[in-house]
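Here are the chains, one letter per residue:
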Amino acid sequence: MTSLMTALRYGRQRTRSFRAISQKLGLVYFGAVDQHSDDHDVVRGLTASVSHKDRHFSVGTHEGYDIALVDRQDKNSRWCALRISLHQPSQLPHFFVLPKNREAGFKERIVGSRSLQPVESFLTLQQPAEFMSRYALLGLPQQGHILAEVMVSQLLHAIAAHFWPHAIECHEGQLYVYITEHRLDETVVLSALQSALWLASLLDDRVV
């Protein structure tokens, strides 16, 4: 009974947080959406699957970027997924920044993708010690030369400093940030959003 009450309390807190964030950012809040029947722009990326359930779906524009926010659950994994549509997406490589010690919920999907690999397996990329202690960088072997030009040492250092412990993905012109904190609050999400907007702007400027 205690665990049920705790779960309900966390659920209500999560709902309040998402509603407050949507209101503060001026987003349109849709609540729960069904990927199979509802007419909406599904947040994709590595966490998307045929079985995921989305709640607290919100969309809008903030600081010149189209963004979407969703509370996603699939099996035993749960993420707050933030998506930002990049302005200059055409030549950016697909990459995934995986937080070490928080691999649960991601590893199965990475293996299932059969494409993302640790960068050490196909290119020499100088990774700062702080980044290497916190993250693993994955990409596509055929995009190795582009990844090396985009993910320079200074950028990786900044990611380690400002995004930990969130995961990051860039795919098909979209930047995703995955937040895995169980007790989600406004401060965590808004801080992640500001970091994501900074990274989106930097990636747009680094398109080759």
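Structural data are supplied above this passage.
Note that this is a predicted model, so its numbers are computed, not measured. (Residues numbered from 1 in each chain as written. Predicted model: local features only at pLDDT ≥ 70, side-chain atom pairs only at ≥ 80, totals over all residues. Heavy atoms only, no water.)

Here we look at the sheet that holds strand β2 (residues 53–62)
Working step 1: The nine strands lie next to each other as β1-β2-β3-β4-β9-β8-β5-β7-β6, forming an open sheet whose pairing is antiparallel. Two strands in the sheet have a free side with no partner beyond their single neighbour: β1 (28–33) and β6 (117–118).
Working step 2: Bridging between strand β4 (residues 77–85) and strand β9 (residues 174–179) involves six bridges; their strand directions are antiparallel. Across the sheet, the residue bridging to A81 is Y178, located in β9.
Working step 3: Relative to β9, helix α6 (residues 186–206) is tilted by about 155°, and along the sheet it contacts β2, β3 (65–74), β4, β5 (95–99), β8 (167–171) and β9. (Pairing = 2+ DSSP bridges. Helix = DSSP H or I, 4+ residues; strand = E, 2+ residues; numbered from the N terminus. Contact = heavy atoms within 4.5 Å. Axes fitted to C-alpha atoms, helices over the stretch in contact; angles between N-to-C directions.)

Things to note about the side chain of H94
Working step 1: Its location among the elements puts H94 in the loop between β4 and β5.
Working step 2: Taking the relative accessible area as the measure of exposure, H94 reaches 10% and is therefore buried.
Working step 3: Separated by 2.9 Å, the side chains of H94 and E169 make a polar contact.
Working step 4: What H94 contacts, discounting residues up to four positions off in sequence, is L116, L138, G139, L140, Q143, E169, C170 and H171. (Buried < 20%, exposed > 50% of the residue type's maximum accessible area, 1.4 Å probe, protein only. Polar contact = N/O pair within 3.5 Å; in protein donor to acceptor, adjacent residues only side chain to side chain.)

Remarks on the packing of aromatic side chains
Working step 1: Counted by the stated rule, this structure contains eight aromatic pairs.
Working step 2: Ring centres of F106 and Y178 lie 6.0 Å apart, and the angle between their planes is 50°; on these two criteria the pair is classed as tilted. Of this pair, F106 sits in the loop between β5 and α2 (107–113) while Y178 sits in strand β9, and the two are 72 residues apart along the sequence. Neither residue differs from the other here; F106 and Y178 are each classed as buried. (Phe/Tyr/Trp six-rings, centres within 6.5 Å; stacked < 30°, edge-to-face > 60°.)

Section: the environment of E120
Working step 1: Tracing the backbone through its elements, the reader meets E120 in the loop between β6 and α3 (129–134).
Working step 2: Sequence spacing of E120 and L137 is 17 residues, and the spatial spacing of their C-alpha atoms is 8.6 Å.

Structural notes on the packing of helix α5 (residues 153–162) against α6
Working step 1: Running from amino to carboxyl end, α5 crosses α6 at an angle of 170°, the nearest separation of the two axes being 11 Å. Between α5 and α6, the interaxial angle falls into the category roughly antiparallel. Contacts between α5 and α6 pair L155, A158, I159 and H162 from the former with S195, W198, L199, L202 and L203 from the latter.
Working step 2: A per-class count over the contact of α5 with α6 returns seven nonpolar, two polar and no charged. (Parallel < 35°, antiparallel > 145°, perpendicular 65-115°, else oblique. Nonpolar A, V, L, I, M, F, W, Y, C, P; charged D, E, K, R; others polar.)

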